[in-house]
Amino acid sequence: MSETLTSLESSYRRALLAYPRSWRKRNGDEMLGVLMDAAEQERRTVASTSELFNLIGAGLTTRCERILGGIPAQARDNVSCMALTVASIFAAIMLVLGELGRWFRYNSYAPGPGLFASFTTPAALTYVLVLAAFGAAVLGLSGLRRILLGLSILTAVTTPLMSSAINGVVSVSWPVLAVFIGGSILSLVGDPVHTATLRRVLTIGAPLGALILGFTSYLQGGGAQRFFYPGGAAMSAEILSLAGGSLLVAGLLTWGIQGRLRPIAVLLAIALLPLPIKALFVLYIPIPLWGAIAAACLTAGAFVAWNTRLSQISKRKGDL
């Protein structure tokens, strides 16, 4: 075998590592053979970038499906829609307030060098990819959505390396990047626009949420872009990531946990809501009201959890 073909095969094998080991044992050689045959017919000696990212995206999706294999398809679609909606909202806010804010916010960072001259940090690429994935989902381009989400995960993981390699570029903390890594992974577990309802939630919810929360975040941040990264104002990237991460966890608990643990998961999800509410509206809600909000969420969570349990018992009796 020539050195070129060996390099091509190695590229495919590395991309196939994204799939679970058990899948590779059953299907890896067959998939590799198909890829090599296709490359030979097209007289290609190098794997295309889109081809490799498509393989990696499909492999990550397979891994997620294995992990969430016991969750019904409808629940996975709900998790995917929730995650892409949350990720899109916060990607838009981060992009406008954190990256493009230097063009309209006072006390801003000076334009950075090189590739990121128009932005503040390399994380802008992750935000753009998440928003592009949102657009692909709305247009029904499932394959493109997966590729873009895979790229967003890759860029989020490598952003600290890019930040350290380019002098003068403001760094982004890991909690901020973790929200987009988690949101992108959860967006891959299902089809976020599988039903008309999910499509409306994503299409309307993401832009509306970004508009409202972006405006309130801008006002609470005092309009100063320099306080957004690395933080120091009432509304910074870290506080927004806390809100986004809390919403992702709450959504995963709501739709991702099934069976006997579902009532407990629902209780925890609703009881968790004061955390993102406080992070997003810290200057708008008086401190004395926080206790009442927490108590209300805990009471509502207990009520919903109890009714969820009763529904499970009733359904079980009906199946007997």
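Residues numbered from 1 in each chain as written. Predicted model: local features only at pLDDT ≥ 70, side-chain atom pairs only at ≥ 80, totals over all residues. Heavy atoms only, no water.

1. Topic: the packing of helix α4 (residues 73-99) against helix α5 (residues 124-138)
How two helices pack is summed up by the angle between their axes together with the distance between the axes. Inclusion rule: Fitting a line to C-alpha atoms yields each axis, with helices limited to the stretch in contact; the angle taken between N-to-C directions then spans 0 to 180 degrees. A run of H or I in DSSP becomes a helix once it reaches four residues, and a run of E becomes a strand once it reaches two; helices and strands are each numbered from the N terminus. Oblique is the label for any angle not under 35 degrees, not over 145, and not in the 65 to 115 range, which are roughly parallel, roughly antiparallel and roughly perpendicular in turn. Handedness of a crossing is defined here by the sense of rotation of the near helix relative to the far one, left-handed for an anticlockwise turn of less than a right angle and right-handed for a clockwise turn. By definition, residues are in contact when any of their heavy atoms lie within 4.5 Å. In this count, Pro and Cys sit with the nonpolar residues alongside Ala, Val, Leu, Ile, Met, Phe, Trp and Tyr, while Asp, Glu, Lys and Arg are called charged and the others, Gly among them, polar.
Close contact between α4 and α5 brings their axes to 9 Å; oriented N to C, the two are set at 140°. On the basis of the axis angle, α4 is oblique to α5. The handedness of the crossing between α4 and α5 is left-handed. On α5, the residues touching Leu84, Ala87, Ser88, Ala91, Ala92, Met94, Leu95 and Glu99 of α4 are Ala124, Tyr127, Val128, Val130, Leu131, Ala133, Phe134 and Ala137. Among the residues making up the contact of α4 with α5, the classes are represented as 14 nonpolar, one polar and one charged.

2. A few points about the nonpolar core
We count it as follows: The definition of a nonpolar core used throughout is a set of buried Ala, Val, Leu, Ile, Met, Phe, Trp, Tyr and Cys residues joined through side-chain atoms within 4.5 Å. Each residue's exposure class comes from its accessible area (1.4 Å probe, protein chains only) as a fraction of the maximum for that residue type: buried when under 20%, exposed when over 50%, partly exposed otherwise.
Counting 53 residues, the largest nonpolar core has Phe90, Met94, Tyr127 and Phe180 as its most contacted members. Every element with two or more residues in this core is listed here: α3 (49-67), α4, α5, α6 (142-165), α7 (174-187), α8 (196-220), α9 (237-256) and α11 (274-280). Broken down by element, the residue count for this core peaks at 14 residues, all from α4. The contact partners of Tyr127, leaving out residues within four places of it in the chain, are Ala91, Met94, Leu95, Glu99, Val172, Val176, Phe180 and Tyr229.

3. Here's the deal with the layout of surface pockets
Quick note on the threshold: A cavity, in this analysis, means grid points on a 1 Å lattice covering only the protein atoms where a 1.4 Å probe fits yet has no way out; a pocket is instead an open set bounded by protein on both sides within 12 Å along at least five of seven lines, and a residue lines either one if it has an atom within 4 Å of a point. Grid points are joined across faces, edges and corners, and a volume is the space filled by probe spheres set on the points.
Looking at the largest pocket, its volume works out to about 280 Å³. Along its surface, the largest pocket is lined by 16 residues, and Met82, Leu247, Gly251, Thr254 and Trp255 are the ones closest to its centre. Contributing elements (two or more residues each) for the lining of the largest pocket: α4, α8, α9 and α10 (262-271). The class makeup of the residues in the lining of the largest pocket is 12 nonpolar, four polar and no charged.

4. Observations concerning unusual backbone geometry
Positive phi is not limited to glycine here, since Arg43 has a value of about 55°. Among the structural elements, Arg43 can be located in the loop between α2 (21-41) and α3. Of the residues examined, Arg43 reaches a relative accessible area of 78% and is grouped as exposed.

5. Digging into the packing of aromatic side chains
Going by this rule: Under the pairing criterion, centres of Phe, Tyr and Trp rings, with the six-membered ring standing for Trp, must be within 6.5 Å; the plane angle then separates stacked pairs below 30 degrees from edge-to-face pairs above 60, leaving the rest tilted. Note on geometry: a ring has a charge over it if NZ (lysine) or CZ (arginine) is within 6 Å of the ring centre and within 35 degrees of the ring normal.
Taken as a whole and judged by the stated rule, the model has two aromatic pairs. Judged by centre distance (3.9 Å) and plane angle (15°), the rings of Tyr19 and Trp23 are stacked. Like Trp23, Tyr19 is buried. Against the face of Trp290 rests Lys278, its NZ or CZ located 5.8 Å from the ring centre.

6. Describing the side chain of Thr159
Heads up, the rule is: Counted as a polar contact is a pair of N or O atoms within 3.5 Å, where, for protein atoms, one must be capable of donating a hydrogen and the other of accepting one, and residues adjacent in sequence contribute only when both atoms are in side chains.
By the secondary structure assignment, Thr159 is in helix α6. Within the structure, Thr159 has its side chain in polar contact with the backbone oxygen of Thr155 (distance 2.6 Å). Residue contacts for Thr159: discarding those within four places in its chain leaves Pro122, Ala123, Thr126 and Leu177.

7. Points about the pattern of salt bridges
For side chains bearing opposite charge, pairing can occur when the charged atoms are close. Filter applied, for reference: Definition used for salt bridges: Asp or Glu carboxyl oxygen within 4 Å of a side-chain nitrogen of Lys or Arg.
Counting across every chain of the model gives two salt bridges. In this structure, the salt-bridge partner of Arg13 is Glu9, at a minimum N-O distance of 2.9 Å. Here Arg13 and its partner Glu9 are both found in helix α1 (residues 3-16), four residues apart, which amounts to about one turn of the helix. The class for Glu9 is buried, based on a relative accessible area of 18%. A salt bridge links Glu42 to Arg44; the nearest nitrogen and oxygen atoms lie 2.6 Å apart.

8. Remarks on the packing of α4 against α7
Look at α4 against α7: their axes get within 8 Å of each other, and the N-to-C directions meet at 145°. The handedness of the crossing between α4 and α7 comes out as left-handed. Each of Val79, Ser80, Ala83, Leu84, Ala87, Phe90, Ala91 and Met94 in α4 lies in contact with α7, whose residues at this interface are Val176, Phe180, Gly183, Leu186 and Ser187. Among the residues forming the contact of α4 with α7, the class breakdown is 10 nonpolar, three polar and no charged.

9. Digging into the environment of Phe90
With respect to the element layout, Phe90 can be found in helix α4. According to the relative accessible area criterion, Phe90 is buried, its value standing at 2%. Residues contacting Phe90, with those up to four places away along its chain left out, are Phe180, Leu240, Ala243, Gly244, Leu247 and Leu280.

10. Examining the confidence of the model for the protein chain
Where the model shows low pLDDT, its predicted coordinates should not be examined in detail. Note the cut-off: Values of pLDDT, the confidence the predictor places in each residue, fall between 0 and 100.
Overall, the prediction assigns the protein chain a mean pLDDT of 81, with 83% of residues at 70 or greater. Per-element averaging of pLDDT across the protein chain places α3 at the bottom with 77 and α5 at the top with 93.

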